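# Observations on the three-dimensional arrangement
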Amino acid sequence: MTENPNLQLVEEESSEVMMDLLRENKLPIAISGGDSPKIEEPWVEQYLIDERPLQVCVAPDHPLAKESLITAEMLSDYSFICLDKEYTHYTMFERWAQANQINPSQVSYTKEIQTAGSFISSGVSIGIMIDLLVKNRTDIVTIPLENAPKFYISLVVNKKAVGNPLQQEFNQTLIDIATQRTKQAS
């Protein structure tokens, strides 16, 4: 966490942690991800920035690396590495795994995105996550997953939070950028 008397910036890997900080009035604004395009909280003002399907992540020499689309059936014999309960990916993966009859004994969990990346790049496990988590990694290949759940990225504003003028100006700049991006995508 970096602090300035006039502006506070917080970086967390977990969208769940960011939402908790917003809910607890510890932050006025955040970029957060979720498994739904709409956050149903009365204190939230939301600007959808992006949506990304979960993808299969494997090492470049993995047998699935050359596939153009992966089905759940193609994954039945592999071990998975998944982010743990602090991450939205956990809930999304759990629902997907249950719907596709993936045996829970095939899944390991980690609290660290870097650890998941190490398991994937070494070929020990495959991951199912959004491509942004492994962006710029030449040791991991992402492949589209058939009927993949979508991960929604939003700018989330805590309508109850009151910030100093610099924080308010910063928030408004982010809102303007998110609003402009949303209009361009439409």
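This section reports on the structure supplied with the text. All values derive from a computational prediction rather than experimental measurement.

### Here we look at helix α1 (residues 15-23)
Residues of α1 that are buried: Ser 15, Met 18, Met 19, Leu 21 and Leu 22. Seen along its axis, α1 keeps its buried residues to an arc of 160°; they face one direction. Where α1 is buried, its residues contact β3 (29-34), α2 (88-99) and β10 (150-158). With its phi angle positive at about 60°, Asn 25 sits one or two positions after the end of α1.

### Considering the nonpolar core
Grouped together as the largest cluster of nonpolar side chains are 23 residues, with contacts concentrated most on Leu 75, Phe 80, Phe 93, Trp 96 and Ile 128. Elements supplying a minimum of two residues to this core: β5 (55-58), β6 (80-83), α2, β8 (126-129) and β10. Here this core takes four residues from α2, the largest share from any one element. Leaving out residues up to four positions away in the same chain, Phe 93 has contacts with Phe 80, Cys 82, Val 107 and Ile 128. In this structure, Cys 57, Leu 83, Ile 120 and Ile 140 belong to the second largest nonpolar core, which totals ten residues.

### Examining the pattern of salt bridges
Where charged atoms from two side chains of opposite charge come close, those side chains can pair. Here the structure, examined in full by the defined rule, presents eight salt bridges. When the shortest N-O distance is used, the salt bridge between Glu 51 and Lys 150 registers 3.0 Å. Of this pair, Glu 51 sits in strand β4 (residues 44-53) while Lys 150 sits in strand β10, placing them 99 residues apart in sequence. Of the residues examined, Lys 150 reaches a relative accessible area of 37% and is grouped as partly exposed. Salt bridges here are not isolated pairs; linked through shared partners, they connect Asp 50, Arg 52 and Asp 131.

### Focus: the environment of Ser 122
As for its placement among the helices and strands, Ser 122 is situated in the loop between α3 (113-121) and β8. Sequence separation between Ser 122 and Ile 70 is 52 residues; the distance between their C-alpha atoms is 20 Å. There is a polar contact of 3.4 Å between the side chain of Ser 122 and the backbone nitrogen of Val 124.

### So, the layout of surface pockets
One way to see where empty space is left: roll a probe the size of a water molecule over the atoms. What the second largest pocket holds in volume is close to 270 Å³. Met 19, Gly 33, Gly 34, Asp 35 and Ile 39 are, among the 16 residues lining the second largest pocket, the residues nearest its centre. If you list the elements that add at least two residues to the lining of the second largest pocket, you get α1, β3, α2 and β10. Within the lining of the second largest pocket, the residues separate by chemical class into three nonpolar, eight polar and five charged.

### Digging into the pairing of β3
With respect to burial, β3 is a largely interior element, five of its six residues being buried. Alignment of β3 against β10, held across six bridges, turns out to be antiparallel. Counted as the bridge partner of Gly 34 is Tyr 152 from β10.

### Thoughts on the sheet that holds β10
Strands sit in the order β3-β10-β4 across an open sheet of three strands; the sheet is antiparallel. Where the open sheet ends on each side, the last strands, each with one partner, are β3 and β4. Strand-to-strand twist of the sheet, defined as the mean angle between neighbouring strand axes without regard to direction, takes the value 20°. In this fold α1 packs onto β3 and β10, with an angle of close to 140° to the strand it touches most, β3.

### Examining a negative patch on the surface
Negative charge collects at one region of the surface, where Glu 11, Glu 12, Glu 86 and Glu 112 lie side by side. Structurally, Glu 12 can be placed in the loop between β2 (8-9) and α1.

What counts and how
- Residues numbered from 1 in each chain as written.
- Predicted model: local features only at pLDDT ≥ 70, side-chain atom pairs only at ≥ 80, totals over all residues.
- Heavy atoms only, no water.
- Buried < 20%, exposed > 50% of the residue type's maximum accessible area, 1.4 Å probe, protein only.
- Helix = DSSP H or I, 4+ residues; strand = E, 2+ residues; numbered from the N terminus.
- Arc of directions from axis to C-beta.
- Contact = heavy atoms within 4.5 Å.
- Core = buried A, V, L, I, M, F, W, Y, C linked by side-chain atoms within 4.5 Å.
- Salt bridge = Lys/Arg side-chain N within 4 Å of Asp/Glu carboxyl O.
- Polar contact = N/O pair within 3.5 Å; in protein donor to acceptor, adjacent residues only side chain to side chain.
- 1 Å grid on protein atoms, 1.4 Å probe; cavity = no way out; pocket = protein on both sides within 12 Å on 5 of 7 lines; lining within 4 Å.
- Points joined across faces, edges and corners; volume = space filled by probe spheres on them.
- Nonpolar A, V, L, I, M, F, W, Y, C, P; charged D, E, K, R; others polar.
- Pairing = 2+ DSSP bridges.
- Axes fitted to C-alpha atoms, helices over the stretch in contact; angles between N-to-C directions.
- Patch = residues over 30% accessible without salt bridge, like charges linked within 9 Å, V, L, I, M, F, W, Y side chains within 5 Å.
- Areas by Shrake-Rupley, 256 points an atom, 1.4 Å probe, with all protein chains shown as cover.
- Lys, Arg positive; Asp, Glu negative; His and termini not counted.
- Charge placed at Lys NZ, Arg CZ, Asp CG, Glu CD.

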